[in-house]
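Descriptive structure summary
So the chains spell out like this:
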Amino acid sequence: MDDTPKDWLQAELQDTLDEDIEIEMEDATLSAEIRRIYRSHHPNQMDRKLYFQELLRLQAELIRLQDWVSYYKEKVVVIFEGRDSAGKGGAIKRITQRLNPRVARVVALPAPSDREKTQWYFQRYVPHLPAGGEIVLFDRSWYNRAGVERVMGFADEDQVEQFFQDVPEFERMLVRSGIRVIKYWFSITDEEQQMRFLMRVHDPLKQWKLSPMDLQSRVRWEGYTKAKEDMFERTNIPEAPWYIVPGNDKKRARLNCMSHLLGLIPYTDVPHEEVKLPERVFNPDYEREVLPRELYVPQKY
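Now for a look at the structure at hand. (Residues numbered from 1 in each chain as written. Predicted model: local features only at pLDDT ≥ 70, side-chain atom pairs only at ≥ 80, totals over all residues. Heavy atoms only, no water.)

**Considerations on the overall build of the protein**
For clarity, the threshold we go by: Each helix is a run of H or I in the DSSP string that is no shorter than four residues. Each strand is a run of E no shorter than two, and both are numbered from the N terminus. By definition in these notes, contact holds between two residues if any of their heavy atoms fall within 4.5 Å. Here the open area of atoms and residues is found with the Shrake-Rupley method and a 1.4 Å probe, where only the protein chains shown may cover a residue.
When helices and strands are tallied, the protein shows 11 helices and 5 strands. Sequence-distant contacts in the protein: of pairs separated by 6 or more residues, those separated by 24 or more amount to 81%. Of the roughly 18,900 Å² that the protein leaves accessible, carbon and sulfur atoms contribute 54%.

**Brief notes about unusual backbone geometry**
At serine 85, a residue that is not glycine, the phi angle is positive and equals roughly 70 degrees. The backbone of arginine 140 sits at a positive phi, close to 75 degrees, despite the residue not being glycine. Looking at the secondary structure, you find arginine 140 in the loop between strand E3 (134-139) and helix H6 (148-151).

**Examining the pairing of E3**
To be explicit about the condition: Only when DSSP finds a minimum of two bridges between them are two strands counted as paired.
In terms of strand pairing, strand E1 (residues 75-82) meets E3 through 6 bridges, oriented parallel. Bridge assignment links phenylalanine 80 to a residue of E3, and that residue is aspartate 139. In the sheet, strand E2 (residues 104-107) pairs with E3 via 4 bridges, with the strands oriented parallel. Opposite valine 107, over in E3, you have phenylalanine 138 as the bridge partner.

**What to know about the pattern of salt bridges**
Pairing between side chains of opposite charge can happen when the charged atoms of each approach one another. This is how the line gets drawn: Put simply, a salt bridge is a Lys or Arg side-chain nitrogen that is within 4 Å of an Asp or Glu carboxyl oxygen. Using a 1.4 Å probe on the protein chains alone, a residue whose accessible area is under 20% of its type maximum counts as buried, one over 50% counts as exposed, and one in between counts as partly exposed.
Under the counting rule described, the total for this entry stands at 19 salt bridges. For glutamate 81, the salt bridge goes to arginine 140, with nearest N and O atoms at 3.4 Å. With glutamate 81 in strand E1 and arginine 140 in the loop between E3 and H6, this pair connects stretches of sequence that are 59 residues apart. For arginine 140, a relative accessible area of 24% gives the class partly exposed. Residue glutamate 157 is joined to arginine 150 by a salt bridge in which the shortest nitrogen-to-oxygen separation is 3.3 Å.

**Looking at a nonpolar patch on the surface**
Heads up, the condition is: Think of a patch as exposed residues, more than 30% relative accessible area, with no salt bridge, where like charges cluster within 9 Å and nonpolar side chains (Val, Leu, Ile, Met, Phe, Trp, Tyr) cluster within 5 Å.
Side chains of Leu291, Leu295 and Tyr296 sit close together on the surface and give an oily, nonpolar patch of about 340 Å² of accessible area. On the secondary structure map, leucine 295 appears in the segment after helix H11 (250-264). Judged by relative accessible area, leucine 295 falls into the exposed class, the value being 60%.

**Quick word on the packing of aromatic side chains**
Here is the rule: Whether two aromatic rings pair depends on their centres lying within 6.5 Å, for rings of Phe, Tyr and Trp, where Trp uses its six-membered ring; planes under 30 degrees apart make the pair stacked, over 60 edge-to-face, and the rest tilted. Our definition puts a charge over a ring when NZ of Lys or CZ of Arg is within 6 Å of the ring centre and also within 35 degrees of the ring normal.
Inspection of the entire model under this criterion finds 22 aromatic pairs. For the ring pair tyrosine 121 and tyrosine 125, a centre distance of 6.0 Å and an interplane angle of 55 degrees mean the geometry is tilted. The two residues tyrosine 121 and tyrosine 125 agree in class, both being buried. Geometry around tryptophan 221 places arginine 83 over its ring, the cationic atom sitting 3.6 Å from the centre.

**Examining H11**
Selection criterion: Helix span, expected: 1.5 Å multiplied by one less than the number of residues in the helix.
Here H11 spans 21 Å end to end across 15 residues, near enough to the 21 Å set by a 1.5 Å rise per residue. All of the buried residues along H11 are Lys251, Ala253, Arg254, Leu255, Cys257, Met258, Leu261 and Leu262.

**Considerations on the sheet that holds strand E4 (residues 179-187)**
Using the following cut-off: The convention used is that axes are lines fitted to C-alpha atoms, helices contributing only their stretch in contact, and that angles between N-to-C directions extend from 0 to 180 degrees.
Pairing is parallel in the open sheet, where 5 strands are placed in the order E2-E3-E1-E4-E5. In the strand order of this sheet, the two ends are held by E2 and strand E5 (242-246), each with one partner. Taking the axes of each pair of neighbouring strands and ignoring which way they run, one obtains an average angle of 20 degrees across the sheet. Along the sheet, helix H4 (residues 88-96) contacts E1, E2, E3 and E4; its crossing angle with E1, the most-contacted strand, is approximately 155 degrees.

**Section: the packing of helix H8 (residues 190-201) against helix H9 (residues 212-219)**
Geometry of a packed helix pair, given as the angle between the helix axes and the separation of the axes. Using the following cut-off: By definition, any crossing whose near helix is turned counterclockwise from its far helix by less than a right angle is left-handed, and any crossing with a clockwise turn is right-handed. Gly is placed with the polar residues, together with every amino acid not listed as nonpolar (Ala, Val, Leu, Ile, Met, Phe, Trp, Tyr, Cys and Pro) or charged (Asp, Glu, Lys and Arg).
Contact geometry of H8 with H9 gives a least axis separation of 11 Å together with a crossing angle of 145 degrees. Where H8 crosses over H9, the handedness of that crossing is left-handed. Residues Asp190, Gln193, Gln194 and Phe197 of H8 pack against Asp214, Leu215, Ser217 and Arg218 of H9. Considering only residue class, the contact of H8 with H9 consists of 2 nonpolar, 3 polar and 3 charged.

**Points about the environment of tyrosine 38**
As for its placement among the helices and strands, tyrosine 38 is situated in helix H2 (residues 32-40). For the pair tyrosine 38 and arginine 196, spaced 158 residues apart in sequence, the C-alpha to C-alpha distance is 8.6 Å. Discounting residues that sit within four places of it in the chain, tyrosine 38 has contacts with Glu192, Met195, Met199 and Lys250.

**Observations concerning the nonpolar core**
Note the cut-off: Residues grouped as a nonpolar core are buried Ala, Val, Leu, Ile, Met, Phe, Trp, Tyr and Cys residues, joined through side-chain atoms within 4.5 Å.
If you look at the biggest cluster of nonpolar residues, it comprises 34 residues, and the most contacted ones within it are Phe80, Tyr184 and Phe186. Every element with two or more residues in this core is listed here: helix H3 (48-72), E1, H4, E3, E4 and H11. Setting aside residues up to four positions removed in sequence, phenylalanine 186 forms contacts with Phe80, Glu81, Gly82, Arg83, Ala86, Gly87, Lys88, Ala91, Val245, Ala253 and Cys257. Counting 27 residues, the second largest nonpolar core, distinct from the first, contains Val77, Tyr143, Leu174 and Phe232.

**Notes on the environment of threonine 96**
Relative to the elements of secondary structure, threonine 96 occurs in helix H4. Judged by relative accessible area, which is 18%, threonine 96 ranks as buried. Linking threonine 96 and leucine 62, residues 34 residues apart in sequence, is a C-alpha distance of 8.6 Å. Residues contacting threonine 96, with those up to four places away along its chain left out, are Val106 and Leu137.

Structural data, given as structure tokens:
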């Protein structure tokens, strides 16, 4: 009888680990040759066991951070920018994997509509900013204007210059209102992006990630580099500085980003009510009806 809770906890931990491994098997459908080439370019892979130990430890800390944000009605914005295929989405996925979606949510806006194109540039982002007790992670943000819109010609130089003049004051306004603004840039090398794009081309589970804009980012590598340098120079302000995450090694990039994020916010433990499982109430007069078989999902597995 004494072993039952321990056995249950062990089974739950194993199930959790299985979920992590399932997420991590990103090259499962790749050919052996593509896997061999990729691994030859990444000879110093982080030990899988150590990676999962650190991932689970950091995710436990993120839950403490979430509780602190919720309890004290803090407001946090985390911006993720970087090259296409640099690993922003993977980092966001691991950060939010065990958090409450009512507290931590991801915002990934599509291209602006015709109506939105006529609005004040920041207008469509403002409704997604956090209220008290919320964390918002922007998978790309208002910095689209300094990057893809500028490089691809969707915004002219006057609009870009207006953005550079406005964005520091916009972010200072957010900070003055009590929002913590944290900005990450995921950086990878030219060769690493080429390798990841080739993997997506040959992986049917990832081909959807290759948009026409992504393909153009290969052609316009130098244009994006110049745009990034201008963006850092004009928008790296003390109230909301940029932090660069070297992303060639996906696992290390995720862990480093999570660890750094936790280090930026002075979270502490907060009071919790003791959780007790109530006793099941049995009604001797209740009889459970048998439901029709066609309502059930077929048991194929």
